[in-house]
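Observations on chain architecture
What follows is the residue order along each chain.
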Amino acid sequence: MHRWLAMILAVVALSGCSTVPQELAQKMAAYTAKIKETDAGYAAMRDELAAARHAVVDQMNADAAAAEARNSRFIDAWRLAGDKRRIDMTDTLRKVSVPTVLPVDLQPAPPLSADTAAVVAAKARAEKLDSAAKALGTLAEGHSLSDDATFYTQFFQAIGSAVQDAREKETQETATAKNEVSTKAKELAATAESATKTPK
Amino acid sequence: MTRVALAIVLSGLVVGSSGCGIPLIHLYREADYTAAVKARTAFTEAKIGDGLVAERTRLEALLKSELEAVRRFALARRDELLIALLAETDAKKSWERFDVSVNERLLVLLDDASAGSGTKIDEATLKKLKDAADGLRLKTVTARLKEEEMALAVHAYRIEFARGHPSDDIPTLSCPSSKDPLADIPTLTVALKAYKTACKDYLDARAGMENIQGPSKSDGLWQGLSSQVKTAEGVRATVQNRIADLKGQYKAAKDAYAAASDPKEVQEKAAALKSALDKLAKFDTSNVPGGGTLGLMGRIEALQAQLASVNKLVDGFTTGAKAGATATVDQRADVAIARTIGSLAATTEGASKIPALGVLLLESRRLELELERARGLLAVEDTRLALLKRKRTALASEIDRLRDARLQADTELSDKSNCRGKPVAADFGTSSACGQITAFALIDVADSWSEGRLVEEQVDWLLLGLRYRSSVESSEVALRQWNNLVDVPLARLVAYHESGIKLETVLALINSAVLIWIGAAQ
């Protein structure tokens with residue numbers, strides 16, 4: 001009887017020798033932490049670009065407002081002088097020359113709330129990922145075994161490489177986009193400068 | 001003897017299912033189970049890929065505000081020019097201003113993109129600018145006409161083909177065509193000839209548009225953009241042809257593999273099949289200048305082939321296929337194609353064995369997402385080309401409007417009595433001949449902004465937005481993939497820790513063993 005009990009208990013104790021769950025948990029803890037880290041980095045990069053683009057939009061609107069103000073001064077002057085003909089001519093040309101509308105499918109999303117939503121979502125995501133990584137870390141510290149990990153190793157490598165590619169592309173494209181936004185800002189400054197110098 | 005047998009059964013049950021394979025039986029640990037559930041819940045709630053959806057919403061909103069600002073600024077500048085022309089009370093200065101605004105812009109569009117305001121334009125240069133604008137108008141009108149002729153010829157061809165071959169699918173005509181379509185009856189030959197002639201004339205007109213020469217530099221916005229579009233189209237055709245060749249090689253390798261019978265030949269053909277698929281998947285555009293992401297066309301073909309094979313193997317499980325079984329003749333090619341996938345090639349099962357269902361399902365989802373990403377990136381390239389073409393149309397429109405404005409101001413006005421002897425605004429709005437001509441000239445100038453310049457500037461911002469959006473979308477699909485693939489093993493971990501043997505179960509097992517032992521002893 002004692003030999004039996006000892007044998008069964010020894011075998012049951014041995015059943016803890018699998019390391020599959022620990023290896024998986026370990027890998028996923030590492031991957032989850034990495035996702036969290038890169039996600040936060042890219043969120044900051046995207047915020048920076050969005051800020052640059054907002055600045056250019058503000059500049060464009062300011063330049064447009066300045067040009068509109070110059071135009072209004074002429075119209076006001078003609079109105080004061082009773083020159084209705086010139087005012088009518090301007091209105092007619094504006095009405096006749098209809099601006100072409102591009103077939104762009106843009107959702108009417110309120111810009112401010114969209115900005116806020118992106119920032120809040122990024123923070124919430126980081127917290128959740130942090131929590132997942134910690135919990136997985138606890139599991140990874142435990143007991144031991146199996147070989148199912150071969151598949152997941154290859155699998156994660158494939159996914160990791162896809163994510164890496166996408167991220168490299170994003171870094172590159174974001175840098176290019178920032179350069180282009182900066183070029184646009186310079187062009188706008190030059191256009192606005194030349195407009196104010198144009199003799200009337 | 002009975003005790004030994006029982007010992008072997010019990011030991012086998014536990015050992016065989018525990019240690020060094022996939023564990024089926026293990027001890028339950030409350031803390032591990034709770035940690036696994038917590039990990040999965042937190043990971044699921046993080047919704048990694050969804051975070052970028054908010055980013056995309058932000059991009060859309062940004063792009064919209066950019067386009068609105070571009071429009072506002074362009075229209076303000078247009079009105080500024082019109083008001084300045086109408087405000088000038090001195091006749092000479094008024095028409096000089098008109099001439100300078102039109103001529104300088106034509107120079108930038110047709111000869112020198114970097115020409116600044118105040119550039120002197122002599123009479124000879126001006127004449128060449130007019131000739132270039134005339135040439136562009138002629139070629140544009142011809143191209144449009146020939147496009148309509150092609151559409152009519154296609155219509156006739158379809159009718160004649162359907163009449164002559166009622167049970168066949170009607171082949172699609174393309175201009176230029178890579179091969180001659182069927183023309184085996186006289187009426188079909190006539191329709192086809194009309195199509196080919198119109199196509200040739202259309203291509204000539206397009207080439208003429210692209211080759212418009214400026215007075216000296218021929219380096220205007222028009223030439224730059226035309227050459228960009230032409231190059232993009234040429235590169236696309238080159239890549240498409242190369243992919244078609246590789247696709248043909250892959251199909252031949254697949255057929256050869258299916259036909260192979262002796263083991264050595266099967267092995268050789270399997271290697272050839274893998275090599276053909278690899279060539280498609282890793283199609284390199286480095287030797288195709290400007291190829292960029294177009295190489296994804298090959299990757300898409302390879303992913304489609306792998307996904308089709310993986311899905312066929314998954315379907316096989318519904319009709320009795322077994323994981324680890326040797327593939328039948330029908331399954332052989334699909335197994336070989338599936339085994340070209342890194343994770344499946346790396347598993348320890350034999351190359352001709354059917355992989356496990358769970359693994360195939362994971363790969364199926366991964367391949368679907370990878371395909372979605374590749375198709376999305378390629379679609380961005382298509383949109384980029386479409387936007388460049390839209391900008392080219394806007395440029396042609398601007399040149400045409402400025403050409404008409406120039407024509408009114410030069411020929412028509414100089415022929416009329418002293419139209420240029422009065423300020424631009426003098427006769428505008430009256431029914432006199434000068435008044436009508438001036439109205440046309442000013443409307444043309446206004447339209448050069450409304451139909452041309454405004455659209456060109458908006459397209460520039462759309463291209464910028466597209467560049468950034470494509471990278472965010474690419475990251476979004478990649479992260480969704482990661483999300484799915486971390487979540488599956490996490491679910492497994494939860495199930496694993498939940499399924500552990502609890503202490504009370506172990507005690508019950510011991511009690512049963514004792515009872516058996518007592519029974520066996522009696």
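Given the structure is predicted, the values throughout are model-derived calculations rather than measurements. (Residues numbered from 1 in each chain as written. Chains lettered and ligands numbered in written order. Predicted model: local features only at pLDDT ≥ 70, side-chain atom pairs only at ≥ 80, totals over all residues. Heavy atoms only, no water.)

It is worth spelling out the side chain of Arg105(B) at this point. Residues and elements named next belong to chain B. Among the structural elements, Arg105 can be located in helix α4 (residues 91-110). Classification of Arg105 by relative accessible area gives buried; the value is 13%. Within the structure, the side chain of Arg105 is placed 3.2 Å from the side chain of Glu456, a separation counted as a polar contact. Arg105 has contacts with Leu221, Glu398, Leu402, Arg453 and Glu456, leaving out every residue within four places of it along the chain. (Helix = DSSP H or I, 4+ residues; strand = E, 2+ residues; numbered from the N terminus. Buried < 20%, exposed > 50% of the residue type's maximum accessible area, 1.4 Å probe, protein only. Polar contact = N/O pair within 3.5 Å; in protein donor to acceptor, adjacent residues only side chain to side chain. Contact = heavy atoms within 4.5 Å.)

With that settled, consider the environment of Leu303(B). Residue and element names in this part refer to chain B. Secondary-structure assignment places Leu303 in helix α9 (residues 296-316). A residue is classified by how much of its surface remains accessible, and Leu303, at 1% relative accessible area, is buried. A C-alpha to C-alpha distance of 27 Å links Leu303 and Arg492, two positions 189 residues apart in sequence. In this structure, Leu303 is in contact with Leu367, Glu370 and Leu371, ignoring residues within four places of it in sequence.

Here we come to the packing of aromatic side chains. The final tally for this structure, using the stated rule, is 3 aromatic pairs over all chains. With centroids separated by 6.0 Å and ring planes inclined at 55°, the aromatic side chains of Phe74(A) and Trp78(A) adopt a geometry described as tilted. Taken together, the residues Phe74(A) and Trp78(A), both in helix α2 (residues 20-80) and 4 residues apart, mark about one turn of the helix. Here the aromatic rings of Tyr157(B) and Phe161(B) are separated by 6.0 Å at their centres, their planes lie at 35°, and the arrangement is tilted. One end of the pair is Tyr157(B) and the other is Phe161(B), both in helix α5 (residues 123-164) and 4 residues apart, which spans about a single turn. For Tyr157(B), a relative accessible area of 1% gives the class buried. The buried category is assigned to Phe161(B), whose relative accessible area is 2%. The cationic tip of Arg77(B) hangs over the ring face of Phe73(B); the distance from NZ or CZ to the ring centre is 4.4 Å. (Phe/Tyr/Trp six-rings, centres within 6.5 Å; stacked < 30°, edge-to-face > 60°. Lys NZ or Arg CZ within 6 Å of the ring centre and 35° of its normal.)

Residue and element names in this part refer to chain B. Within this model, the second largest pocket holds a volume of roughly 770 Å³. Lining the second largest pocket are 26 residues, and of these Ser174, Cys175, Pro176, Ala237 and Gln240 sit closest to its centre. Elements supplying a minimum of two residues to the lining of the second largest pocket: α6 (186-210), α7 (221-259) and α12 (357-415). The leading source of residues in the lining of the second largest pocket is α7, at 7 residues. (1 Å grid on protein atoms, 1.4 Å probe; cavity = no way out; pocket = protein on both sides within 12 Å on 5 of 7 lines; lining within 4 Å. Points joined across faces, edges and corners; volume = space filled by probe spheres on them.)

Our focus in this paragraph is the state of the cysteines. Residue and element names in this part refer to chain B. Counted under the stated rule, the structure contains 2 disulfides over all chains. For Cys175, the disulfide goes to Cys199, at an S-S distance of 2.1 Å. Handedness here is read from the sign of the S-S torsion; for Cys175 and Cys199, about 90°, the answer is right-handed. One end of the pair, Cys175, is in the loop between α5 and α6; the other, Cys199, is in helix α6, and 24 residues separate them in sequence. (Disulfide = S-S within 2.5 Å.)

Turning to the environment of Tyr496(B), a few remarks are in order. Among the structural elements, Tyr496(B) can be located in helix α14 (residues 433-498). Residues Tyr496(B) and Ala74(B), spaced 422 residues apart in sequence, show a C-alpha to C-alpha distance of 64 Å.

Residues and elements named next belong to chain B. One can describe the packing of α9 onto α12 by two numbers: an axis separation of 9 Å at closest approach and a directional angle of 155°. Between α9 and α12, the interaxial angle falls into the category roughly antiparallel. Judged by the twist between their axes, the crossing of α9 over α12 is left-handed. Judged by residue contacts, Leu296, Met297, Arg299, Ile300, Leu303, Gln304, Gln306, Leu307, Val310, Asn311, Leu313 and Val314 of α9 engage Leu357, Leu360, Leu361, Ser364, Leu367, Glu368, Glu370, Leu371, Ala374, Arg375, Leu377 and Leu378 from α12. In terms of residue class, the contact of α9 with α12 is built from 16 nonpolar, 4 polar and 4 charged. (Axes fitted to C-alpha atoms, helices over the stretch in contact; angles between N-to-C directions. Parallel < 35°, antiparallel > 145°, perpendicular 65-115°, else oblique. Left-handed = near helix turned anticlockwise from the far one by under 90°. Nonpolar A, V, L, I, M, F, W, Y, C, P; charged D, E, K, R; others polar.)

Residues and elements named next belong to chain B. Across its 20 residues, α4 extends 28 Å between first and last C-alpha, which sits within 8% of the 28 Å expected from 1.5 Å per residue. Burial analysis of α4 places 15 of its 20 residues in the buried class, which makes it a mostly covered element. Put simply, Asp90 is the residue that caps the front of α4, since its side-chain oxygen is 3.1 Å from the backbone nitrogen of Lys92. (Expected span 1.5 Å × (residues − 1).)

What follows is about the nonpolar core. A general trend in soluble globular proteins is that nonpolar side chains are found buried together. Core analysis: the biggest nonpolar cluster contains 104 residues, and Met60(A), Leu86(B), Phe98(B), Leu110(B), Trp222(B) and Ile399(B) have the highest contact counts within it. Here this core takes 22 residues from α14(B), the largest share from any one element. When residues no more than four places from it in sequence are discounted, the contact partners of Trp222(B) are Leu109(B), Leu110(B), Leu136(B), Met209(B), Ile212(B), Arg392(B), Leu395(B), Ala396(B) and Ile399(B). In terms of nonpolar packing, the next biggest core, distinct from the first, is built from 44 residues, Val266(B), Leu294(B), Leu296(B) and Leu378(B) among them. (Core = buried A, V, L, I, M, F, W, Y, C linked by side-chain atoms within 4.5 Å.)

Here we come to the pattern of salt bridges. Within the structure shown, the criterion is met by 46 salt bridges over all chains. With a closest N to O distance of 2.7 Å, Arg53(A) and Glu66(B) form a salt bridge. Taken together, the residues span two chains, with Arg53(A) in helix α2 and Glu66(B) in helix α3 (residues 48-87). According to the relative accessible area criterion, Arg53(A) is buried, its value standing at 3%. Its salt-bridge partner being Arg401(B), residue Asp444(B) comes within 3.5 Å of it at the nearest N-O pair. Taken together, the residues span a long stretch of sequence, with Asp444(B) in helix α14 and Arg401(B) in helix α12 at a distance of 43 residues. On the basis of relative accessible area, Asp444(B) is assigned to the buried category, the value being 10%. A cluster of three or more residues bridged by salt bridges with shared partners is formed by Asp134(B), Arg137(B), Asp400(B), Arg401(B), Arg403(B), Asp404(B), Asp444(B) and Glu451(B). (Salt bridge = Lys/Arg side-chain N within 4 Å of Asp/Glu carboxyl O.)

How two helices sit against one another is set out by the angle between their axes and by the gap between those axes. All names here are of chain B. In the contact formed by α7 and helix α10 (residues 329-338), the axes pass within 9 Å of each other and the chain directions differ by 130°. Taken together, the axes of α7 and α10 are oblique relative to one another. Crossing hand, α7 versus α10: right-handed. Contacts between α7 and α10 involve Tyr250, Lys254, Tyr257 and Ala258 on the former and, on the latter, Arg332, Ala333, Ala336 and Ile337.

Looking now at the side chain of Ser218(B). Residues and elements named next belong to chain B. Within the fold, Ser218 resides in the loop between α6 and α7. Residue Ser218 is classed as buried on the basis of its relative accessible area, which comes to 19%. One polar contact links Ser218 to Gln213, side chain to side chain, over a distance of 3.2 Å. Within the structure, Ser218 has its side chain in polar contact with the backbone nitrogen of Gly214 (distance 2.8 Å). Contact partners of Ser218, with chain neighbours within four places excluded, come to Leu110, Asp111, Gln213 and Gln223.

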